[in-house]
Amino acid sequence: MPRTTNTTLKPPPPKQRKRDILMFAFGCVCTLTVMGTIQNLSRSTQTMTYYMTDGIHHPHPNKDNIILMENQTDQTDLTPPIHNKNSSPPPTTNRPPVKKSWMNATMTNVVQQLEQQTNTNTAAVAKLAGGGTTPQWTRYEGVVIATKVHGPQNAGEARQMICLLTVAYNQHVNYDILIFSTLPWNDHDVAKVQEYAGDNVNVTVVADPFTLEEHLANMTTLEKDMLYKRCKVQPHENLTWSHKCCEDGYPHCTGLGYAWQSEFRSYQIWTQQALQPYKYMFWIDSDALMTQSWTPDMDPMKLIVEHDLVLLFDNFPKGNGKGPALTDKIKQVYNTSLCSLRLSPQGQFDSTLNPECGAHFGLVHGMFHITNIEFYTSALQMTWAKVLTSPYHFQRQFDDQIAVTVPAAILAPDRAWDMRAQGLNLSVWHNGDRDGKPGEPLRPRGYKMWWNTKGKTLWPEEYAACHRVIHHPGRRCR
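Values in this document were obtained by computation on a predicted structure and should not be read as measured data.

Rules used in this analysis
- Residues numbered from 1 in each chain as written.
- Predicted model: local features only at pLDDT ≥ 70, side-chain atom pairs only at ≥ 80, totals over all residues.
- Heavy atoms only, no water.
- Phe/Tyr/Trp six-rings, centres within 6.5 Å; stacked < 30°, edge-to-face > 60°.
- Helix = DSSP H or I, 4+ residues; strand = E, 2+ residues; numbered from the N terminus.
- Buried < 20%, exposed > 50% of the residue type's maximum accessible area, 1.4 Å probe, protein only.
- Lys NZ or Arg CZ within 6 Å of the ring centre and 35° of its normal.
- Disulfide = S-S within 2.5 Å.
- Axes fitted to C-alpha atoms, helices over the stretch in contact; angles between N-to-C directions.
- Parallel < 35°, antiparallel > 145°, perpendicular 65-115°, else oblique.
- Left-handed = near helix turned anticlockwise from the far one by under 90°.
- Contact = heavy atoms within 4.5 Å.
- Nonpolar A, V, L, I, M, F, W, Y, C, P; charged D, E, K, R; others polar.

(A) Broad picture of the packing of aromatic side chains. Within this structure, the stated rule accounts for 21 aromatic pairs. Considering the side-chain rings of Trp-241 and Phe-394, the 6.1 Å spacing of their centres and the 75° angle between planes classify their relative orientation as edge-to-face. Taken together, the residues Trp-241 in the loop between α8 (221-230) and β4 (244-245) and Phe-394 in the loop between α13 (379-388) and α14 (400-411) connect sequence positions 153 residues apart. Classification of Phe-394 by relative accessible area gives buried; the value is 1%. What links up through ring pairs into an aromatic cluster is the set Trp-137, Tyr-169, Tyr-175, Phe-282, Trp-294 and Phe-368. Sitting over the face of the ring of Phe-398, Lys-329 holds its NZ or CZ atom 5.0 Å from the ring centroid.

Now the structure itself:
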């Protein structure tokens, strides 16, 4: 028979009994606090998810990202929408379960993690709802994109550049495009370029009004004799655009067609009626090629328009302007000389002027810059362009880089800005270098090779749009 023991339970002492009651009450309070926090979080998550999916013109985000997005700025002024009492209730969302590791943490860590998660959810909603932090594209009035080629044989090169510029930038702003050409194009060639510029962009080819024979007929006998001598052509021989022509004071003999392009861009372009409707000319060479997509905060037009600049350039310096002949031309127009030119710490022109010095200064690279047409077509600047390209036609040594640099350096140095100094790294490929800068080669240096080896990976969407027209390798550095 089992033995039984009578045990009498004694009540705890008064002090211990009071302590047990307090500990029990504290545990109840802590439990209720955590349960209330979780319940509130669940309600706020459902409301925020409904806010993101109701009335916001964005693709529905991944729900896991809604809940778990990290490192976002807290925005506490976000207000959920007001729902009609007769409308259907907000859709629910399956909130990810609380991690088990939370259950093993201390009470304080649980509350802190819940609060942090609530803050990141609120910031994610504000960002997806368009909280004013995402920059938008602005289309500025009076802007035209311009380039120059010799003729329809360069249509493929122009098509390549325009396709790349369109996918990188112009698809967002749809600026008109002018292609200045020495020789006329047919409608088929124009239509092929238009195809890659987009339906919302007007592409116009502006052919020179005169043929080479007509240019020669308008020249004096002295001018023609000088030109034939430079090109090593006898008067009875036929002079063509492909002839190499030399000139005193310039180290290289240049094709006559290229020499004409230099004169055209220095003076003739500012007389073109096609430019009259516009205020800004976004100049880009046909062999200056994009390597990345731009964003609204990389838009160079924003800088030149909103800061009322006369010149915004991608590369400086590129070459030098110097010599007694150039000094005389500058003094003739401006009654001073440009002794030196550099960039200030703010990335603006810093000019040294003195009528007693000889001109010697760096030049703005002509491959990509934006100019204020009103400034460069003023009476004084047109006088400068005419003097620079005189006294004979088809000069190469006094080129468009000098023509663009000098007026801004003398009359408006604080309104001539460098893109890089303002934080614009647009990565335009030219002659094997990024933004034309010799110290920044783009590997491999031939654009077609870069496109086929790296473009597929670095620029996949653009590659799909333009791969059919990437045929021209671009010029490499000499």
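(B) Just the state of the cysteines, in detail. Going through the model one piece at a time under the given rule, you end up with four disulfides. Note that Cys-163 is cross-linked by a disulfide to Cys-466, the S-S spacing being 2.0 Å. Torsion about the S-S bond of the Cys-163 and Cys-466 cystine: about -95°, corresponding to left-handed handedness. Linking Cys-163 in helix α5 (residues 155-173) with Cys-466 in helix α16 (residues 460-466), this pair joins segments that are 303 residues apart in sequence.

(C) Fine view of the packing of α5 against helix α6 (residues 187-197). In contact at an axis separation of 8 Å, α5 and α6 are set at 15° when each is read in the N-to-C sense. Judged on the interaxial angle alone, α6 and α5 are roughly parallel. Note on packing geometry: the crossing formed by α5 with α6 is right-handed. Residue-level contacts link Ala-155, Arg-159, Ile-162, Cys-163 and Thr-166 of α5 to Asp-189, Lys-192, Val-193, Tyr-196 and Ala-197 of α6. Partitioning the contact of α5 with α6 into residue classes produces six nonpolar, one polar and three charged.

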